[in-house]
Amino acid sequence: MAERAPKIRPTFDIERKLPGLVCGIDEAGRGPWAGPVVAAAVILNPDCTPAGICDSKMLSPTRRTELAHALWKTARIGVGIATVEEIDRINIAQATMLAMARAAATLPVPPTTAIVDGNMKPKLACPAYTVIKGDAKSLSIAAASIIAKVTRDRMMLELARAWPWYGWESNKGYCAPVHRAGLERHGVTPHHRRSFAPVRACLEERSEFALPLSLQPAA
């Protein structure tokens, strides 16, 4: 994927209006049919911030990875995950909030304030504010979007090695022809979100609620 030039560049403008240590929070993986949802919380060092941070969707995989490496060296970072089982039990919106809360809780220092991408905010130990399209406006949220995306992509690459029939190495669990074909041919894995309509439809068509005994993860 080629990089796209963002229409606006994220800045520290929002962070400067808030007191103390400000963490940006964002997630990756709300929409896929498979895999966990991953959130990141990032407290940037304004005096040592990697150049080129922007919404992770605007960056190539290579550039995202480079920026993630730089952020782990210069920023304070927490990562939180909500599992497929949690997504199916409490729904994707609430699972996303859970992952965000876990990300903030794993920061090496407690933030004074949090700014969260979107229009929903998790339950945190500090005041939190939502920012619509925050990854395009706030450097801290944009950094969190990069960490969350790179972390989740790596997880999906690992799952793709064990379950190679769904194209997760390229589609990361999202809707794609190869993913749909894998569902139709091989059925539902333990990593699919059974509460999502395409997966639920596959289960209903097969009248099965578990993997066929003949289907095992690849060695």
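What counts and what doesn't
- Residues numbered from 1 in each chain as written.
- Predicted model: local features only at pLDDT ≥ 70, side-chain atom pairs only at ≥ 80, totals over all residues.
- Heavy atoms only, no water.
- Helix = DSSP H or I, 4+ residues; strand = E, 2+ residues; numbered from the N terminus.
- Rg over C-alpha atoms; globule rule 2.2 N^0.38 Å.
- UniProt positions renumbered as here; feature names shortened; annotations may be inferred.
- Contact = heavy atoms within 4.5 Å.
- Polar contact = N/O pair within 3.5 Å; in protein donor to acceptor, adjacent residues only side chain to side chain.
- Buried < 20%, exposed > 50% of the residue type's maximum accessible area, 1.4 Å probe, protein only.
- Pairing = 2+ DSSP bridges.

## Focus: the overall build of the chain
What the chain contains, in helices and strands, is eight helices and five strands. Ordered by position from the N terminus, the helices and strands of the chain form the series α-β-β-α-β-α-α-β-β-α-α-α-α. A compact globule built from 219 residues would reach a C-alpha radius of gyration of about 17 Å, and the chain, at 18 Å, matches this within 12%. Dimensions along the principal axes, computed over C-alpha positions, put the chain at roughly 55 × 35 × 30 Å.

## Focus on the UniProt feature "binding site: a divalent metal cation" (unreviewed entry) in the chain
Residues given the UniProt feature "binding site: a divalent metal cation" (unreviewed entry) here are Asp26, Glu27 and Asp117. Spatial clustering of the annotated residues is evident: they stretch over 92 residues in sequence, but the largest pairwise C-alpha distance comes to 8.1 Å. With respect to the helices and strands, the residue glutamate 27 is situated in strand β1 (residues 22–28). Other than its neighbours up to four places away in sequence, glutamate 27 contacts Val37, Val38, Ala39, Thr96, Met100 and Ala148. At 3.4 Å, the side chain of glutamate 27 and the backbone nitrogen of glycine 29 are in polar contact. Following the sequence through the fold, aspartate 117 ends up in strand β4 (residues 113–117).

## Things to note about the pairing of β1
With respect to burial, β1 is a largely interior element, seven of its seven residues being buried. Neither face of β1 is exposed, since Val22, Gly24, Asp26 and Ala28 on one face and Cys23, Ile25 and Glu27 on the opposite face are all buried. Bridge count for β1 against β4 is four bridges, and the pairing is parallel. Counterpart to isoleucine 25 in the pairing with β4 is valine 116. Here β1 pairs with strand β2 (residues 37–43) via five bridges, running antiparallel. Within β2, the residue paired with glycine 24 across the bridge is valine 42.

## Structural notes on the pairing of β2
Burial of β2 is extensive: seven of the seven residues sit out of reach of the surface. Alternating residues of β2 divide into Val37, Ala39, Ala41 and Ile43 and Val38, Ala40 and Val42, and every residue in both groups is buried.

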